[in-house]
Amino acid sequence: MKIIASICAAIFVFFIGCSKEKNEFNKPATYWYQEMLKEIKLGNLESADNFFSSLQSEHINSPLLPDAMLILGKAHQEHKEFVLADYYFDEYFKRYGTQETSDYLTYLKIRAHYLAFTNYSKDQDFLENAILEAELFLEKHPESKYADIVKTMVLRLILGKNELNRAIANVYAKQHKKEAEELYLNRIDYDLEEQAKPTRSHIPWYVYIFNW
């Protein structure tokens, strides 16, 4: 699934790069970079991707490329376009990642996955992977300045997982499937809930009716 998403993001960036106007070529790297920043400020991320593609194709060794990738990744993250955010972070890590920047880049990806999990999502695999990814980060970078933020994310993700398990158990209860209901109830971290005392996520009535 992750590979498919990355391929889709790469194809997207490629094709928007091919769609630029015919007279827009052979420009200095600073031109493409500045135009990209202008489009980001205006919220036109598709155009910003277009200018980045031009920067990359015409100036493959430009020192502006690393910053451009991070800026676009963060911009797509803020616009909740998490597949594209993931794409740019992955590309940056592959091309320019170092041991010194490893924790920061991993943190950005964890944050993107954390924000991608909505409060009424039912994607169990996505949630499990997000928790695992965050826990691995804490094992590998225990002294990172981002560690406390990631710990908070893990806590909230686990609480989200508890809520999801309870909702699934409720579905099985309505179907009178006692064994399946108990299976999901047993997956709830009751000790954590007792300590955190979380507020139940708000689920829109139209989502609740058709999903639970």
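What you are looking at is a predicted structure, and each value in this text was computed from that prediction instead of being measured. (Residues numbered from 1 in each chain as written. Predicted model: local features only at pLDDT ≥ 70, side-chain atom pairs only at ≥ 80, totals over all residues. Heavy atoms only, no water.)

Student: So what exactly am I meant to see when it comes to unusual backbone geometry here?
Tutor: Glycine aside, the phi torsion of most residues is negative, and most peptide linkages are trans. Phi angles above zero are rare outside glycine, and asparagine 26 is one such case at about 55 degrees. Along the chain, asparagine 26 turns up in the loop between α1 (2-18) and α2 (29-42). Look at histidine 176: it is not a glycine, yet its phi comes out positive at around 60 degrees. (Helix = DSSP H or I, 4+ residues; strand = E, 2+ residues; numbered from the N terminus.)

Student: Help me understand the nonpolar core, please; the structure alone is not making it clear to me.
Tutor: The nonpolar side chains of a soluble globular protein tend to be buried, and buried together. Among the nonpolar cores identified, the biggest contains 41 residues, and Met36, Ile40, Phe52, Leu55, Leu72, Tyr107 and Leu157 are the most heavily contacted of them. At the level of secondary structure, the elements contributing two or more residues to this core comprise α2, α3 (45-58), α4 (64-78), α5 (82-96), α6 (102-116), α7 (124-140) and α8 (147-174). Looking at this core, the element that brings in the most residues is α8, giving seven residues. Among all residues touching leucine 55, those that are not within four sequence positions of it are Ala29, Trp32, Tyr33, Ile60, Ser62, Leu65 and Ala68. (Core = buried A, V, L, I, M, F, W, Y, C linked by side-chain atoms within 4.5 Å. Buried < 20%, exposed > 50% of the residue type's maximum accessible area, 1.4 Å probe, protein only. Contact = heavy atoms within 4.5 Å.)

Student: Which parts of the structure should I look at to understand helix α9 (residues 178-185)?
Tutor: Helical geometry note: an α-helix holds 3.6 residues per turn, so side chains three or four residues apart project in the same direction. Residues of α9 that are buried: Ala180, Glu181 and Tyr184. For α9, the angular spread of buried residues about the axis comes to 105 degrees, placing them on one side. The exposed residues of α9 that point more than 90 degrees off its buried face are Lys178 and Glu179. Those residues of α9 hidden inside the fold are in contact with α7 and α8. (Arc of directions from axis to C-beta.)

Student: Just checking my understanding: could you explain the environment of proline 198 for this structure?
Tutor: Within the element layout of this structure, proline 198 appears in the loop between α10 (190-196) and α11 (205-211). Here the alpha-carbon distance between proline 198 and glutamate 163, two residues 35 residues apart in the chain, equals 9.8 Å. Dropping the residues within four chain positions of it, proline 198 is found in contact with Leu159 and Glu193.

Student: How should I be thinking about the packing of α6 against α7 in this particular structure?
Tutor: Between two packed helices, the angle of one axis relative to the other and the distance separating the axes together describe the packing. Orientation of α6 relative to α7, taken along the N-to-C sense of each, is 155 degrees, at an axis distance of 10 Å. Judged on the interaxial angle alone, α7 and α6 are roughly antiparallel. As α6 runs across α7, the sense of the crossing is left-handed. Note on element contacts: α7 touches α6 through Phe126, Glu133, Ala134, Phe137 and Lys140, opposite Ser102, Asp103, Thr106, Tyr107, Lys109, Ile110, His113 and Ala116. The residue inventory of the contact of α6 with α7, partitioned by class, reads six nonpolar, three polar and four charged. (Axes fitted to C-alpha atoms, helices over the stretch in contact; angles between N-to-C directions. Parallel < 35°, antiparallel > 145°, perpendicular 65-115°, else oblique. Left-handed = near helix turned anticlockwise from the far one by under 90°. Nonpolar A, V, L, I, M, F, W, Y, C, P; charged D, E, K, R; others polar.)

Student: Is there a simple way to think about the packing of α7 against α8 in this case?
Tutor: Packing of α7 against α8 leaves a shortest axis separation of 9 Å and a crossing angle of 155 degrees. By the angle between their directions, the pair α7 and α8 is classed as roughly antiparallel. With respect to the hand of their crossing, α7 and α8 are arranged in left-handed fashion. Contact with α7, carried on its side by Gln124, Leu127, Glu128, Ala130, Ile131, Ala134, Glu135, Phe137 and Leu138, involves Ala147, Val150, Lys151, Val154, Leu157, Ile158, Gly160, Lys161, Leu164 and Ile168 of α8 and no other residues of that element. Partitioning the contact of α7 with α8 into residue classes produces 13 nonpolar, two polar and four charged.

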